[in-house]
Amino acid sequence: MIKQSMQLLLTAVVLCSAQWAHAQNVKITTSMGDIVVQLDAAKSPKTVTNFIQYVKSGHYNGTIFHRVIPTFMVQGGGMTPDMKEKPTRPPIVLESHNGLSNMRGTVSMARTNVPDSATAQFFINVKDNEFLDASRSPDGNGYAVFGKVIQGMDVVDKIRNVDTGQRGPHSDVPVQPVLIKQATIEK
């Protein structure tokens, strides 16, 4: 009986270790410092796959954080410094009913009013924004959390505090562009 219990415990430890060994992190190198995001493929598999494809293709390199609201979030991954939207792949299915909450430091997909419209743009919550969760949103859809910042929240806080203004039809745009120099998968 003790031998069986020890084998079960060892198996559980190995499985947990294997799960963390395969956790993917993405390093986002910005003009204000580095941000490391741990992705949650177990709870947001389609969203993480989509994000990784954009990282691997170099899509995020040279984009900016184009929408910064200091009491809400910082959004990026889709616009060039001249505020031109980069081409994207087709939208993905919304995975907001995954049990993850839009808390400070979590990373979610940006989308339009259409639930299944997220492509490449993402945002980092700079405060707890539970009203964005599917369970609390008026339409029952919410925004899909797919990761969390594990290093560089100080960089996110620097970004959230930059001066912003209007740029064409866009509001909350940093006066001095905050560049995403590169996004890479950490090994």
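This report concerns the structure included in the present document. (Residues numbered from 1 in each chain as written. Predicted model: local features only at pLDDT ≥ 70, side-chain atom pairs only at ≥ 80, totals over all residues. Heavy atoms only, no water.)

A short note on unusual backbone geometry
Backbone geometry at M83 places phi at a positive 65°, although glycine is not the residue there. In this fold, M83 is placed in the loop between strand 4 (73-79) and strand 5 (106-109). You can call M83 buried: its relative accessible area is 11%. A positive phi angle, near 65°, is found at D172, a position not held by glycine. Considering the arrangement of structural elements, one finds D172 in strand 9 (residues 170-174). (Helix = DSSP H or I, 4+ residues; strand = E, 2+ residues; numbered from the N terminus. Buried < 20%, exposed > 50% of the residue type's maximum accessible area, 1.4 Å probe, protein only.)

What to know about helix 2 (residues 45-57)
Under the 1.5 Å per step criterion, the end-to-end length of helix 2 is 18 Å for 13 residues, consistent within 8% with the ideal 18 Å. Along helix 2, the residues that are buried comprise T47, V48, N50, F51, I52, Y54 and V55. Residues of helix 2 that are buried in the fold lie against strand 1 (25-30), strand 2 (33-39), strand 5, strand 6 (122-125), strand 7 (145-151) and strand 10 (179-186). Note on helix 2: the residue one or two positions beyond its end, G58, has a positive phi of about 80°. (Expected span 1.5 Å × (residues − 1). Contact = heavy atoms within 4.5 Å.)

Points about the packing of aromatic side chains
Each pair of aromatic rings is reported with the distance of its centres and the angle of its planes. A complete count under the given rule lists eight aromatic pairs for this structure. Ring centres of Y60 and F122 lie 5.5 Å apart, and the angle between their planes is 85°; this geometry places the pair in the edge-to-face category. Taken together, the positions of Y60 in the loop between helix 2 and strand 3 (63-69) and F122 in strand 6 put the pair 62 residues apart, joining distant regions of the chain. One exposure class covers both Y60 and F122, and it is buried. The structure contains a cluster of three or more aromatic residues connected by ring pairs, namely F51, Y54, Y60, F65, F122 and F146. Its guanidinium or amino end placed over the ring of Y54, R89 lies 3.8 Å from that ring's centre, counting from NZ or CZ. It is R111 that lies over the ring of Y143; its NZ or CZ is 4.3 Å from the centre. (Phe/Tyr/Trp six-rings, centres within 6.5 Å; stacked < 30°, edge-to-face > 60°. Lys NZ or Arg CZ within 6 Å of the ring centre and 35° of its normal.)

As far as function goes, none of this settles anything; it's purely spatial.
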